[in-house]
Amino acid sequence: NSFEIAECWGIHYNKSGSVLEHNHFPYSLSFVYYVRTPEGAAPIIIGDDIYEVKEGECVFFLASQYHGVRQNNCDGRCAVVGNILYRF
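Since the model is a prediction, treat every value here as computed from it, not as a measurement.

1. A few points about the sheet that holds strand β2 (residues 19-22)
Strand order in the open sheet formed by four strands is β2-β7-β4-β5, with antiparallel pairing between adjacent strands. Because the sheet does not close on itself, it has two edges, and the strands there are β2 and β5 (49-51). The mean angle between the axes of side-by-side strands here comes to 20°, regardless of whether they run parallel or antiparallel. Bridge analysis of strand β4 (residues 44-46) against strand β7 (residues 67-69) gives three bridges, and the strand direction is antiparallel. Note on β7: the bridge partner recorded for Ile46 is His67.

2. Looking at the packing of aromatic side chains
With the rule as written, the count across this model stands at three aromatic pairs. Their ring planes at 40° and their centres at 5.9 Å tell us that Phe31 and Phe60 sit as a pair that is tilted. Of this pair, Phe31 sits in strand β3 (residues 29-36) while Phe60 sits in strand β6 (residues 58-62); the two residues are 29 residues apart in sequence, bridging distant segments of the chain. A connected cluster of aromatic rings, assembled from ring pairs, spans Phe3, Tyr86 and Phe88. Against the face of Tyr13 rests Arg77, its NZ or CZ located 4.5 Å from the ring centre.

Cut-off values and rules
- Residues numbered from 1 in each chain as written.
- Predicted model: local features only at pLDDT ≥ 70, side-chain atom pairs only at ≥ 80, totals over all residues.
- Heavy atoms only, no water.
- Pairing = 2+ DSSP bridges.
- Helix = DSSP H or I, 4+ residues; strand = E, 2+ residues; numbered from the N terminus.
- Axes fitted to C-alpha atoms, helices over the stretch in contact; angles between N-to-C directions.
- Phe/Tyr/Trp six-rings, centres within 6.5 Å; stacked < 30°, edge-to-face > 60°.
- Lys NZ or Arg CZ within 6 Å of the ring centre and 35° of its normal.

This is a description of form; function is not addressed.
What follows is the structure, given as structure tokens:
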């Protein structure tokens, strides 16, 4: 009961869309739920790891980790993203 979704938003990428590397400190965790990943959808990069993702998958990671999305090669890549706080 100590975790709480503090922020949540949607993000939509068309061809050539990307997100520069960044982090979500001071939140505890971040997540990305993939709503739509057409052929050519860019993977998420978390630290030095590259994750090819599919529709319906949800990726959780430490909010302090740097992450980003390289140039997308399709229209309609769509995700729901959020930050989680740990309240004690």
